[in-house]
Amino acid sequence: MNSTLLKTYLLLAFSVFLDMSIQIVMIWKILEITSSTVYMGMIVSIGAVTPFILSKIIQKKDIFYKKSTITTLRAVFFACMATVLYFDATGMIYIIFMIAVFSSCNMVCSINTFEVKNSSFVKSKLIEASKASRVLQTTIQFGAFFGALFGGWYLKAMGFENFIYYIAVMSILLSVSYLFVSDVDKEEAVAEKGDQQALSGKRERFIIQVTLSVLTGLHIGAFNTFVPVYYQLFREWGPDILGFASGLAGIGALCAALLPQNKHVYLLSAVLLLVGDIGLFFMDMPYLSVLFCFCIGYAVNSVRITSRTEILKSDADQSDVNNAISHSNYLFYIVSGTIPMLVTMGLTYFSFSSQAYGVSLILVGVFSAVVILLLTRTKKTVTLEGAYEK
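The shown structure was predicted, so the numbers you read here are calculated from the model rather than taken from an experiment. (Residues numbered from 1 in each chain as written. Predicted model: local features only at pLDDT ≥ 70, side-chain atom pairs only at ≥ 80, totals over all residues. Heavy atoms only, no water.)

Asker: Can you lay out the overall build of the protein chain for me, pointing to particular residues and giving the numbers?
Answerer: Helices and strands together make up the secondary structure of the protein chain, namely 13 helices and 2 strands. A buried classification covers 53% of the 390 residues belonging to the protein chain. Taking as baseline every contact in the protein chain between residues at least 6 positions apart, the subset at least 24 positions apart corresponds to 86%. Only carbon and sulfur atoms are counted for the fraction: they give 68% of the accessible area of the protein chain, which is about 18,200 Å². (Helix = DSSP H or I, 4+ residues; strand = E, 2+ residues; numbered from the N terminus. Buried < 20%, exposed > 50% of the residue type's maximum accessible area, 1.4 Å probe, protein only. Contact = heavy atoms within 4.5 Å. Areas by Shrake-Rupley, 256 points an atom, 1.4 Å probe, with all protein chains shown as cover.)

Right, here's the structure in full:
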């Protein structure tokens with residue numbers, strides 16, 4: 001692999017590793033203090049909504065996927081952590097919450113920046129679109145998995161205050177590391193006087209891909225929110241079963257990134273999503289139930305990778321591709337945090353039983369599968385080589 005590509009993907013893995021370790025530790029501490037799962041959704045959604053809204057207000061819409069921005073954000077985060085340590089404010093709930101939200105904002109902006117950089121690699125023909133999408137998604141997943149693993153271990157072994165020291169040091173190192181990655185090439189927008197129908201089709205395709213990405217965010221958020229409650233309170237299974245379920249979902253997602261997809265990828269994903277959700281709900285034997293999580297992980301990641309690949313392969317202007325990728329990521333994180341949180345609040349308010357969380361997951365799965373099939377029934381499919389055909 002080209003050294004520039006390798007350096008960029010390694011730095012992305014390091015970024016996600018740090019942010020996910022922070023997320024896990026902060027959410028754990030907040031749950032420990034408040035015993036509320038609502039904060040988990042708030043952290044993710046606020047962290048995504050903030051840069052999204054600011055990007056709409058500020059005239060320079062590309063500011064939140066520029067290297068200079070994420071470099072500055074990491075440096076500011078380091079200063080904030082140093083201030084927290086100086087005033088010994090690590091035990092304040094609102095400080096912990098703000099750290100988690102700032103970290104979530106960092107993660108969204110960082111992933112956006114690397115996604116856009118990834119698209120410039122494709123446009124420069126340094127890497128093929130399908131491979132670029134798979135490598136990027138695999139990098140994010142490895143960083144998230146090992147970051148979550150490390151965060152939990154570090155908190156237990158070293159304590160919370162020591163963890164604040166760790167993230168302060170890592171943040172400034174990461175800020176410096178970003179300087180060694182070249183910024184995304186700036187391209188002037190070229191006004192095209194082409195056929196309006198072709199332009200409309202181009203936009204429509206982007207709308208479809210962004211919507212598909214948002215659906216994966218919805219289902220991931222629903223899985224992360226509803227399954228723990230369903231397994232723990234209704235099935236009365238232990239945390240080891242939940243860990244096994246998450247692990248199998250992760251393996252399924254990894255298989256989707258590593259294995260070639262056939263031209264019926266959307267149809268297969270919709271079917272597997274339904275099978276996975278229904279099987280997880282109805283199987284009363286724990287180790288049979290968690291096996292269906294593999295189907296869920298494979299289906300969700302297949303849709304996410306394929307939709308990203310189609311954006312990257314587009315012949316649209318680079319700025320349009322960047323905006324599509326950026327909006328896709330913003331909405332992915334906003335939906336994954338907000339919708340499940342609102343559903344949880346509704347179920348709690350109306351005093352539904354814990355079984356309702358399992359039913360809610362099935363409803364999300366049915367909705368996602370139906371929308372996927374409706375959106376992709378007439379659109380072009382992707383072959384093993386990534387070429388479009390009718």
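Asker: Before we move on, could you go through helix H6 (residues 160-177) and cite the residues and values that matter?
Answerer: The first and last C-alpha atoms of H6 sit 25 Å apart over 18 residues, in line with the 26 Å expected at 1.5 Å per residue. Among the residues making up H6, those that are buried are Phe160, Phe163, Ile164, Tyr166, Ile167, Ala168, Met170, Ser171, Leu174 and Ser175. (Expected span 1.5 Å × (residues − 1).)

Asker: Give a description of the pattern of salt bridges that names residues and reports values.
Answerer: Overall, the coordinates contain 2 salt bridges when judged by the stated rule. With a shortest N-O distance of 2.7 Å, Arg74 and Asp19 are connected by a salt bridge. Of the two residues, Arg74 is situated in helix H3 (residues 67-86) and Asp19 in helix H1 (residues 3-34); the sequence distance between them amounts to 55 residues. Residue Asp19 is classed as buried on the basis of its relative accessible area, which comes to 1%. The partner of Arg308 in a salt bridge is Glu115, with the nearest N and O atoms 2.9 Å apart. Linking Arg308 in helix H11 (residues 292-312) with Glu115 in helix H4 (residues 93-123), this pair joins segments that are 193 residues apart in sequence. Residue class for Glu115 comes out buried when judged on its relative accessible area of 2%. (Salt bridge = Lys/Arg side-chain N within 4 Å of Asp/Glu carboxyl O.)

Asker: Before we move on, can you summarise the confidence of the model for the protein chain with the specific residues and values?
Answerer: On average, the protein chain scores 83 in pLDDT, and the residues at 70 or more come to 87%. Between the elements of the protein chain, mean pLDDT differs from a low of 38, seen in strand S2 (residues 388-389), to a high of 96, seen in helix H9 (residues 265-282). A low-confidence stretch, residues 185-201 (pLDDT under 50), is modelled with 8 contacts involving residues beyond four sequence positions or located in other chains. Across residues 380-390, confidence stays below pLDDT 50; counting only partners more than four residues off in sequence or on other chains, it has 28 contacts. (pLDDT = per-residue confidence, 0-100.)

Asker: Can you explain the side chain of Ser354? Please cite residues and give values.
Answerer: With respect to the helices and strands, the residue Ser354 is situated in the loop between helix H12 (318-349) and helix H13 (355-376). Judged by its relative accessible area of 16%, Ser354 is buried. Separated by 3.4 Å, the side chain of Ser354 and the backbone nitrogen of Phe234 make a polar contact. If near-sequence neighbours (up to four positions away) are discounted, Ser354 is found in contact with Tyr230, Leu233 and Phe234. (Polar contact = N/O pair within 3.5 Å; in protein donor to acceptor, adjacent residues only side chain to side chain.)

Asker: Just give me the short version of the side chain of Lys29, but keep the residues and values in it.
Answerer: By secondary structure assignment, the location of Lys29 is in helix H1. Look at Lys29 and you get buried, because its relative accessible area is 18%. Not counting residues within four places of it along the chain, the set of residues in contact with Lys29 comprises Ile96 and Phe160.

Asker: Could you give an account of the nonpolar core, naming the residues involved and the relevant values?
Answerer: Counting 68 residues, the largest nonpolar core has Met26, Ile99 and Ile167 as its most contacted members. Listed by contribution, the elements that provide at least two residues to this core are H1, helix H2 (38-57), H3, H4, helix H5 (129-158), H6, H11 and H12. Among the elements that make up this core, the one with the highest residue count is H4 (15 residues). Non-local contacts of Ile167, meaning those with residues more than four positions away in its chain, are made with Leu18, Ile22, Met26, Phe77, Met81 and Ile99. Counting 44 residues, the second-largest nonpolar core is a separate cluster that includes Ile208, Ala256, Val303 and Ile362. (Core = buried A, V, L, I, M, F, W, Y, C linked by side-chain atoms within 4.5 Å.)

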